[in-house]
Amino acid sequence: MTASGRLAELGIVLPAVATPVGAYVPAIAYGTVVRTSGQLPLEGGVLRTTGLVGEGPGCVSIDDAASCARTAALGALAALAEAAGGVDAIARIVRVVGYVASEPGFTGQAAVLNGASTLMTDVFGEAGRHVRSAVGVVSLPLGAPVEVEVEALLS
Amino acid sequence: MTASGRLAELGIVLPAVATPVGAYVPAIAYGTVVRTSGQLPLEGGVLRTTGLVGEGPGCVSIDDAASCARTAALGALAALAEAAGGVDAIARIVRVVGYVASEPGFTGQAAVLNGASTLMTDVFGEAGRHVRSAVGVVSLPLGAPVEVEVEALLS
Amino acid sequence: MTASGRLAELGIVLPAVATPVGAYVPAIAYGTVVRTSGQLPLEGGVLRTTGLVGEGPGCVSIDDAASCARTAALGALAALAEAAGGVDAIARIVRVVGYVASEPGFTGQAAVLNGASTLMTDVFGEAGRHVRSAVGVVSLPLGAPVEVEVEALLS
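In this text, all values refer to a predicted model and were calculated from it rather than measured experimentally.

A closer look at the overall build of chain A
Along its length, chain A carries three helices and seven strands. For chain A, whose C-alpha radius of gyration is 15 Å, the value lies close to the compact-globule estimate of 15 Å for 155 residues. Projecting the C-alpha coordinates of chain A onto the three principal axes gives extents of approximately 45 × 35 × 25 Å. Relative to its full complement of 155 residues, chain A shows a buried share of 58%. A sequence separation of at least 24 residues applies to 79% of the contacts in chain A between residues at least 6 apart. When the accessible surface of chain A is totalled, it reaches about 5400 Å², and 53% of it is carbon and sulfur. Of the side chains in chain A, 8 bear a positive and 13 a negative charge, and the two mean positions are spaced by 8 Å.

Laid out in structure tokens, this is it:
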């Protein structure tokens, strides 16, 4: 099944591509590659939540952060599709980098990023399997809890 | 106009390529790609300033940090030019990653990185537009406030 | 000498490829490129140590962290070799990214990452020389002190 077919089956409508918060572009395609800028978990252009991810009171929970990672990955998919000339022009997801704004001592970054990674396999199946780095950072632009960057290959 | 022409027009002289602070090289070219190591804001081989970026007393201000990001990006451009065989051998800037050593709670990383991004469009025009990730890290080598990594395409 | 010859000469046996701690793969090869996920310093599937790197009491020391970076780089080499179809199918190491879980104020990330970088030149000689970014992060998956990601070219 095509990626657009899987999106329809999953009831997913790609969001509008987020306006960059600085002097850069959302995604770029060249040669066989298409890559995104770091994407924040925006819905309707607004951050879903802000704060540090952790297990203490006042923190963004792992579950909420994983859901934010999926939202950021959806934004990445929208940016990839726009730069590639449509989601079906994406042959394969090759790499995801995830930055998690982390409370000191929080070590669950992998679980958070699974929210982004599973979106890729949900939509692309085997072609969505990728390499990944996940790290805990002290803070992110606008106070976002996660930032997700994606690299893919064009078909 | 060529990149070297724009540099001359802007009165910018590329610095000497910084000596790596470890067992690596400043930049590497292969195939159609040229990429730098993370570059620190060095002037004459010395860090312009050290410390965390933030809004509190004793912090590096956003404006100073953005200026440091531009300095680091100049160093990246020098490294790219050396590896590529001259700045005019660079066809297009495709990606910038910026790490900002951030005071807890500082969320202005995008404004800081604009110092690096605008250098690229100043010098390369449309061909300087790139994807970017900006994150806040707890600390950087030598106490640098920013570290900037750049990837470009060869002409 | 081949990379496998150098490994034998150095008495290095590549470890088993680590099972990903999330929904991703250890390494991926496509076109002329082979890249790893972020690798943690695992021995026999277990983290060698956990904690923040720094100079204070209770911290992972620079020397121990550099040794962990070498262990993580060995894991990366194993993952590259598996995806490439053998270590001798790796023509050149082009990039290393190193994340160091850092005590606030720790700025010795370059020394830590030399543990990874020197492994690459030990095994590949000139073809092991790479670009590198090293940053200090607040925390890493499972509490690892370092995470190392590697990109290489296929022969």
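Structure shown, so let's carry the discussion forward.
With respect to the relation of the copies chain A and chain B
Note: a rotation about an axis with an accompanying shift along it relates these two copies of the chain. The operation relating chain A to chain B is a screw motion whose rotation component is 120°, with 0.0 Å of axial translation and a residual RMSD of 0.0 Å. Both chain copies can therefore be described as sitting about a three-fold axis.

Observations regarding the sheet that holds strand β6 (residues 131-137) of chain B
Whenever strands of a sheet pair, they do so through backbone hydrogen bonds, lying parallel or antiparallel. Residue and element names in this part refer to chain B. If you walk across this open sheet you meet the five strands as β1-β2-β7-β5-β6, and the pairing is mixed. Each edge of the open sheet is held by one strand with a lone partner, namely β1 (27-30) and β6. Recorded for the sheet is a direction-independent mean angle of 15° between the axes of neighbouring strands. Two elements, strand β5 (residues 90-101) and β6, share seven bridges in a ladder whose sense is parallel. When the sheet's bridge partners are listed, Gly 98 is paired in β6 with Ala 134. Sitting on the sheet, helix α2 (residues 62-84) touches β1, β2 (33-36), β5 and β7 (146-154), and the angle it makes with β7 is about 35°.

Notes on the sheet that holds strand β5 (residues 90-101) of chain C
Residues and elements named next belong to chain C. The strand order β1-β2-β7-β5-β6 describes an open sheet built from five strands, whose pairing is mixed. Taken across any chain shown, the strands that pair with only one partner, and hence form the sheet edges, are β1 (27-30) and β6 (131-137). For this sheet, the mean inter-axis angle between neighbouring strands, taken without regard to orientation, is 15°. Against the sheet, helix α2 (residues 62-84) touches β1, β2 (33-36), β5 and β7 (146-154), its axis set at about 35° to β7.

Description of the packing of helix α2 (residues 62-84) of chain A against helix α3 (residues 109-124) of chain A
The relative placement of two packed helices comes down to the angle between their axes together with the axis-to-axis distance. Residues and elements named next belong to chain A. Between α2 and α3, the least distance of the axes is 7 Å, while the angle of their chain directions is 40°. Here α2 lies oblique to α3, going by the angle between them. Between α2 and α3 the crossing geometry is right-handed. Every residue of α3 that contacts α2 at Ile 62, Ala 65, Ala 66, Ala 69, Arg 70, Ala 73, Leu 74 and Leu 77 is listed here: Ala 111, Val 112, Gly 115, Ala 116, Thr 118, Leu 119, Met 120, Asp 122, Val 123 and Phe 124. Residues of the contact of α2 with α3, tallied by class, amount to 14 nonpolar, two polar and two charged.

Quick look at the packing of helix α1 (residues 3-10) of chain A against α3(A)
Residues and elements named next belong to chain A. At a minimum axis distance of 7 Å, the contact between α1 and α3 shows a crossing angle of 110°. Between α1 and α3, the angle is such that the two are roughly perpendicular. When α1 is examined against α3, the residues Ala 3, Arg 6, Leu 7 and Leu 10 are found in contact with a partner set consisting of Asp 122, Val 123 and Phe 124. The residue inventory of the contact of α1 with α3, partitioned by class, reads five nonpolar, no polar and two charged.

Description of the interface of chain A and chain C
It is common to report an interface's size as the accessible area lost on association of the parts. Counting residues at the interface gives 28 residues for chain A and 25 residues for chain C. Buried area between chain A and chain C, both sides added, is near 2000 Å², and the carbon and sulfur share of it is 57%. A per-residue breakdown of the area chain A buries against chain C is headed by A:Arg95, A:Val131 and A:Arg132, which together make up 24% of the total. Taken together, the links from chain A to chain C amount to two salt bridges.

Description of the interface of chain A and chain B
With 25 residues of chain A at the interface, the matching set in chain B holds 28 residues. For the pair chain A and chain B, the summed buried surface comes to about 2000 Å²; carbon and sulfur atoms form 57% of the total. In this assembly, chain A and chain B are joined by two salt bridges. The partner of A:Glu149 in a salt bridge is B:Arg95, with the nearest N and O atoms 2.5 Å apart. Mapped onto the side of chain A that touches chain B, the elements with two or more residues apiece are β1 (27-30), β2 (33-36), β5 (90-101) and β7 (146-154) of chain A.

A short note on unusual backbone geometry
Glycine aside, residues mostly have negative phi, and peptide bonds are mostly found in the trans state. The phi dihedral of A:Leu142 falls on the positive side, at around 65°, and the residue is not glycine. With respect to the helices, strands and loops of the structure, A:Leu142 is situated in the loop between β6 (131-137) and β7.

Let's talk about the relation of the copies chain A and chain C
The operation relating chain A to chain C is a screw motion whose rotation component is 120°, with 0.0 Å of axial translation and a residual RMSD of 0.0 Å. A low fraction, 14%, of the interface residues of chain A reappear at the interface in chain C, so the copies pair through non-equivalent surfaces.

Focus: the pairing of β1(B)
Here four bridges tie β1(B) to β2(B), and the two strands are oriented antiparallel to one another. Along β2(B), the bridge assignment pairs B:Ala29 with B:Val34.

Some remarks on the environment of C:Leu10
Along the chain, the position of C:Leu10 falls in helix α1 (residues 3-10). Taking C-alpha positions, C:Leu10 is 8.3 Å from C:Val123, a pair spaced 113 residues apart along the chain.

Some remarks on helix α3 (residues 109-124) of chain C
Residues and elements named next belong to chain C. An ideal rise of 1.5 Å per residue puts 22 Å on 16 residues; α3 measures up with 23 Å between its terminal C-alpha atoms. In α3, a bend of some 35° at Gly 115 exceeds every other bend along the element. Buried within α3 we find Gln 109, Ala 110, Val 112, Leu 113, Gly 115, Ala 116, Ser 117, Leu 119, Met 120, Val 123 and Phe 124. Structurally, α3 contributes buried residues whose contacts are with α1, α2, β5, β6 and β7. Two residues or fewer after α3 comes Gly 125, characterised by a positive phi angle close to 60°.

Some points on the pattern of salt bridges
Residues and elements named next belong to chain A. Under the definition given, this model contains 15 salt bridges over all chains. For Glu 151, the salt bridge is made with Arg 35, and the minimal N-O distance between the two is 3.5 Å. Placement of Glu 151 in strand β7 and of Arg 35 in strand β2 is noted, with a sequence separation of 116 residues between them. For Arg 35, a relative accessible area of 3% gives the class buried.

Reading the values: the criteria
Residues numbered from 1 in each chain as written. Chains lettered and ligands numbered in written order. Predicted model: local features only at pLDDT ≥ 70, side-chain atom pairs only at ≥ 80, totals over all residues. Heavy atoms only, no water. Helix = DSSP H or I, 4+ residues; strand = E, 2+ residues; numbered from the N terminus. Rg over C-alpha atoms; globule rule 2.2 N^0.38 Å. Buried < 20%, exposed > 50% of the residue type's maximum accessible area, 1.4 Å probe, protein only. Contact = heavy atoms within 4.5 Å. Areas by Shrake-Rupley, 256 points an atom, 1.4 Å probe, with all protein chains shown as cover. Lys, Arg positive; Asp, Glu negative; His and termini not counted. Charge placed at Lys NZ, Arg CZ, Asp CG, Glu CD. Least-squares fit on C-alpha atoms with pLDDT ≥ 70 in both. Pairing = 2+ DSSP bridges. Axes fitted to C-alpha atoms, helices over the stretch in contact; angles between N-to-C directions. Parallel < 35°, antiparallel > 145°, perpendicular 65-115°, else oblique. Left-handed = near helix turned anticlockwise from the far one by under 90°. Nonpolar A, V, L, I, M, F, W, Y, C, P; charged D, E, K, R; others polar. Buried area = accessible area lost by both parts, 1.4 Å probe. Salt bridge = Lys/Arg side-chain N within 4 Å of Asp/Glu carboxyl O. Expected span 1.5 Å × (residues − 1). Bend = angle between axes of the 7 residues up to and from the residue.

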